[in-house]
Amino acid sequence: MSYVHIEVDTHIGPVGAVVSGVDLSEQLNAEVVAEIHAAWLQHHVLFFRDQTLSPSAQARFASYFGELDQYPFMQPVDESAYVIPIIKEADATMNFGGDWHTDTSYKLRPPKATLLYAVEVPEQGGDTLFADATAAYQALSLAMRESLERWQGIYSPKLVHGQGGGYKSVAAKANLGQAYGGDADFAESEVEHPLIRTHEETGRKSIYCSKPHTVNIKGWTRDESLAIFRFLTKHLTQEQFVTRFKWQAGSLAMWDNRCMFHNALNDYQGHRRHMHRVIVKGERPQ
Ligand code: SIN
């Protein structure tokens, strides 16, 4: 694929590309947006450096790719109802997003895109790992793929945001250094999605179920299901599928939740990390 308006460098790792030549704080014309969209579909996660984005500018850039969605468990920033702050204070111990997952897959229509902007990052640590769930799916045996494709998963926020969830307790809130809330009924809700989803735009299949958001395979116990989820997580986080992104203040990552997993590393105790996140609505997984 050749680009006229942007430069796309794929040397960052097995998945993803660094895009330059564009100022995301400006209003972008349709041709530039089309090139970014094409690069995103091809590389699954795009990284932009040295951007200066207010919450409104970040939301405007995200809106070029679809209708914005609101994250159900956190208060947005004052400037935009669609931008949530993801902050780990220097004295906090837990972090947000510190396990392999795709964002908010427990919603009926989970977000297709997440755009994460770095406001303040530690000098060392706080990288995010990104795993290619399409390539990982392709690398499974045909028999395994055929089995997985037949199974549905029960997805729910309850494992992390419900009564027994990791983010729920007062201690967890203090340890995260940030307040989490949200609708208690929704936090316990369940929805059925396939374990393997087909990308609406590319037609390619990817692993979709994850330990933090998929309670069980439909008809299986949690323990039985965990054996599969653990295997798939181990499989898709092998070196050949994973790119590690080192943030700088002003970096923006834009990933496709339909075909990517990510994991925010929590290896910067004693230092502050402050990000702004926007999500773009997707379709019901098929
Ligand atoms: C997330 O899971 O959305 C947060 C990722 C990060 O903070 O690196």
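Remarks on the site of the ligand
Moving on, step 1. Near the ligand you find Gly 97, His 101, Asp 103, Leu 116, Thr 128, Trp 255, His 262, Ala 264, Arg 273 and Arg 277, and these make up its full shell.
Moving on, step 2. Here an oxygen atom of the ligand sits 2.6 Å away from a polar atom, N or O, in the side chain of Thr 128.
Moving on, step 3. Residue Arg 277 places a side-chain N or O atom 2.8 Å away from an oxygen atom belonging to the ligand.
Moving on, step 4. Every element with two or more residues in the shell around the ligand is listed here: strand E15 (260-264) and strand E16 (273-281).
Moving on, step 5. When grouped by side-chain class, the residues that make up the shell around the ligand number three nonpolar, four polar and three charged.

Looking at the pairing of strand E2 (residues 17-20)
Moving on, step 1. Of the two faces of E2, the one holding Ala 17 and Val 19 is buried and the one holding Val 18 and Ser 20 is not buried anywhere.
Moving on, step 2. In this sheet, E2 lies alongside strand E1 (residues 7-9) in antiparallel orientation, the contact comprising three bridges. From the neighbouring strand, Asp 9 faces E2, where its bridge partner is Val 18.

Points about the sheet that holds strand E9 (residues 191-194)
Hydrogen bonds along the backbone pair up the strands of a sheet, which may run parallel or antiparallel.
Moving on, step 1. With antiparallel pairing, the three strands of this open sheet are ordered in space as E9-E8-E12. Edge positions in the open sheet fall to E9 and strand E12 (214-217), since each of these has one partner strand only. Averaged over all pairs of adjacent strands, the angle between strand axes in this sheet comes to 35°, irrespective of strand direction.
Moving on, step 2. Relative to E9, strand E8 (residues 152-155) runs antiparallel, the two being bridged by four bridges. Residue pairing for E9: Gln 152 is matched across the bridge by Pro 194.

Brief notes about the side chain of Asn 95
Moving on, step 1. Take Asn 95: it is sitting in the loop between strand E5 (84-88) and strand E6 (111-120).
Moving on, step 2. In this structure the side chain of Asn 95 is engaged in a polar contact, spanning 2.9 Å, whose partner is the backbone oxygen of Ala 264.

Structural notes on helix H2 (residues 55-63)
Moving on, step 1. Those residues of H2 not exposed but buried are Pro 55, Ala 57, Gln 58, Ala 59, Phe 61 and Ala 62.
Moving on, step 2. Contact partners of the buried residues in H2: helix H1 (30-43), strand E3 (45-48), strand E4 (68-69), E6, strand E14 (252-256) and E16.

Describing the pattern of salt bridges
Moving on, step 1. Going through the model one piece at a time under the given rule, you end up with 15 salt bridges.
Moving on, step 2. When the shortest N-O distance is used, the salt bridge between Lys 107 and Asp 69 registers 3.0 Å. Linking Lys 107 in the loop between E5 and E6 with Asp 69 in strand E4, this pair joins segments that are 38 residues apart in sequence. For the pair shown, Lys 107 and Asp 69 are each scored as buried.
Moving on, step 3. What you see here is one network of salt bridges that share partners, running through Arg 197, Glu 200, Glu 201, Asp 256 and Arg 258.

A short note on the pairing of E16
Moving on, step 1. For E16, a buried count of eight out of nine residues is recorded, marking the element as mostly surrounded by other parts of the structure.
Moving on, step 2. In terms of strand pairing, E5 meets E16 through five bridges, oriented antiparallel. Note on E16: the bridge partner recorded for Lys 88 is Arg 273.
Moving on, step 3. Two elements, E6 and E16, share eight bridges in a ladder whose sense is antiparallel. Within the sheet, the bridge partner assigned to Glu 120 lies in E16 and is His 274.

Describing the environment of Pro 72
Moving on, step 1. Looking at where Pro 72 falls in the secondary structure, it is placed in the loop between E4 and E5.
Moving on, step 2. Taking the relative accessible area as the measure of exposure, Pro 72 reaches 24% and is therefore partly exposed.
Moving on, step 3. In this structure the C-alpha to C-alpha distance between Pro 72 and Thr 104, which are 32 residues apart in sequence, comes to 9.0 Å.

As for the sheet that holds strand E7 (residues 128-132)
Moving on, step 1. Read from one edge of the open sheet, three strands run E13-E7-E15, paired in antiparallel fashion. Lying at the two open borders of the sheet, with one neighbouring strand each, are strand E13 (242-245) and E15. Adjacent strand axes in the sheet meet at a mean angle of 20° when their direction is disregarded.
Moving on, step 2. Both E7 and E15 contribute to a ladder of five bridges, which runs antiparallel. What sits directly across from Phe 130, in E15, is His 262.

Criteria and cut-off values
Residues numbered from 1 in each chain as written. Predicted model: local features only at pLDDT ≥ 70, side-chain atom pairs only at ≥ 80, totals over all residues. Heavy atoms only, no water. Near = heavy atom within 4 Å. Polar contact = N/O pair within 3.5 Å; in protein donor to acceptor, adjacent residues only side chain to side chain. Helix = DSSP H or I, 4+ residues; strand = E, 2+ residues; numbered from the N terminus. Nonpolar A, V, L, I, M, F, W, Y, C, P; charged D, E, K, R; others polar. Buried < 20%, exposed > 50% of the residue type's maximum accessible area, 1.4 Å probe, protein only. Pairing = 2+ DSSP bridges. Axes fitted to C-alpha atoms, helices over the stretch in contact; angles between N-to-C directions. Contact = heavy atoms within 4.5 Å. Salt bridge = Lys/Arg side-chain N within 4 Å of Asp/Glu carboxyl O.

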